[in-house]
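The chain contents come next:
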Amino acid sequence: MKILSFGVPCYNSEAYMEKCINSLLVGGEDVEIIIVDDGSKDNTAAIADDYAASYPEIIKVVHQENGGHGEAVNTGLRNATGVYYKVVDSDDWLDAEGLKKVIGVLKSFIENRKRVDLMICNYVYEHVEDQTSKAIRYTNVLPQDRIFGWNQVGRFRVDQNLLMHTLIYRTRVLRDAGLELPKHTFYVDNLFAYIPLPYVRSLYYMNVDLYRYYIGRSDQSVNEQVMIGRIDQQILVNKLMFDAYSLPEDVFNRRLSQYMMSYLAMICLVTSIMLTISGTEENKQKRKELWQYFRENDVGMYKRLRRGIRGIASNPPGFISSRMMRRGYHLAQKIYKFN
């Protein structure tokens, strides 16, 4: 039985995928590495096949027509046999010692028949432009080294959302949630980190800097100009997150509700800022239409989103110009170093 399955979406990844895969091989035969070649045009497919031939008990490769990052994540999940599932993008990597510790703890859950739906670890921004690192940790928010529920979760800072990099889901949770990410869409990692949460009943946090997030390439999806160019995909993800906010009565939890609303408000803010600082009348109209969509589909949630500080920042008074919003956004970039 595999303890942990890794889904590794690859598209034209020949320049960096080997570092990623080698970091996962540290897990040995306790792990399963599913390399998803998403219609690559370079040597990605050949590199993947070579790895599978060298490590047939650990690595499997799926070649598919290009479906985008979300469909590659879906494919990894469909083929996963491990008790737990984690996505590692092909330009990122995992810390070797951290991975060994994580696998040891996951093994103990299985051996002692302890149900843990979600393991959370730290991640580290590895910045290309200035060769610096910034770790995102949760020691002030989450109990350490013990199983806990949402009632024991504290208040997250603005830079502490539970992103895809931090998460190791029990595979059954993702399947029970019916997770199916949209094809040909960037920014679906937000859906991966959001939609399954109501199905998570038990959590575990390890204060380990596990995931290394490589950031700063000019073609990266979180680059500001790239985000503006793909704004329609960001809007789609934003709407899907809004539509997915649903906590059935049998799983309703105030702390979970607060966190999910806060995360949604942050994504609304990012979308609104990108639409505004682009400077085009077309995108300003799209911002109005996005908030109109919220109002028409759930006026209660719309009011909750508008009421908070992030909602106010998403819809600033008319005298606040796009230039001022851009300055505020770039100041936040310097402080939190998120892209």
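For the structure, see preceding data.
These remarks concern the structure in this document. (Residues numbered from 1 in each chain as written. Predicted model: local features only at pLDDT ≥ 70, side-chain atom pairs only at ≥ 80, totals over all residues. Heavy atoms only, no water.)

1. Some points on a positive patch on the surface
On the surface, Arg295, Lys303, Arg304, Arg306 and Arg307 cluster together to form a positively charged patch. Here the positive patch takes four residues from helix 11 (residues 299–307), the largest share from any one element. With respect to the helices and strands, the residue Arg306 is situated in helix 11. Arg306 sits in the partly exposed class, given a relative accessible area of 31%. (Patch = residues over 30% accessible without salt bridge, like charges linked within 9 Å, V, L, I, M, F, W, Y side chains within 5 Å. Areas by Shrake-Rupley, 256 points an atom, 1.4 Å probe, with all protein chains shown as cover. Salt bridge = Lys/Arg side-chain N within 4 Å of Asp/Glu carboxyl O. Lys, Arg positive; Asp, Glu negative; His and termini not counted. Charge placed at Lys NZ, Arg CZ, Asp CG, Glu CD. Helix = DSSP H or I, 4+ residues; strand = E, 2+ residues; numbered from the N terminus. Buried < 20%, exposed > 50% of the residue type's maximum accessible area, 1.4 Å probe, protein only.)

2. What about the packing of helix 1 (residues 17–24) against helix 2 (residues 44–54)?
Viewed as axis vectors pointing N to C, helix 1 and helix 2 meet at an angle of 20°, and their least axial separation amounts to 11 Å. Here helix 1 lies roughly parallel to helix 2, going by the angle between them. Viewed along their axes, helix 1 and helix 2 form a crossing whose handedness is right-handed. In this structure, helix 1 contributes Met17, Glu18, Ile21 and Asn22 to the contact, and helix 2 contributes Thr44, Ile47, Ala48 and Tyr51. In the contact of helix 1 with helix 2, the residues fall into five nonpolar, two polar and one charged. (Axes fitted to C-alpha atoms, helices over the stretch in contact; angles between N-to-C directions. Parallel < 35°, antiparallel > 145°, perpendicular 65-115°, else oblique. Left-handed = near helix turned anticlockwise from the far one by under 90°. Contact = heavy atoms within 4.5 Å. Nonpolar A, V, L, I, M, F, W, Y, C, P; charged D, E, K, R; others polar.)

3. Quick word on the pairing of strand 2 (residues 31–38)
With eight of its eight residues buried, strand 2 lies for the most part within the structure. Here strand 2 shows two buried faces, one formed by Val31, Ile33, Ile35 and Asp37 and the other by Glu32, Ile34, Val36 and Asp38. Examined bridge by bridge, strand 1 (residues 4–10) and strand 2 share seven bridges and lie parallel to one another. Across the sheet, the residue bridging to Leu4 is Val31, located in strand 2. Taken together, strand 1, helix 1 and strand 2 constitute a β-α-β crossover, and its handedness is right-handed. Direction of pairing for strand 2 relative to strand 3 (residues 59–64): parallel, over a ladder of six bridges. Paired with Ile33 across the strands is Ile59, a residue of strand 3. In this view, the connection linking strand 2 to its parallel neighbour strand 3 by way of helix 2 has right-handed handedness. (Pairing = 2+ DSSP bridges. Right-handed = clockwise from strand over helix to strand, strands pointing away.)

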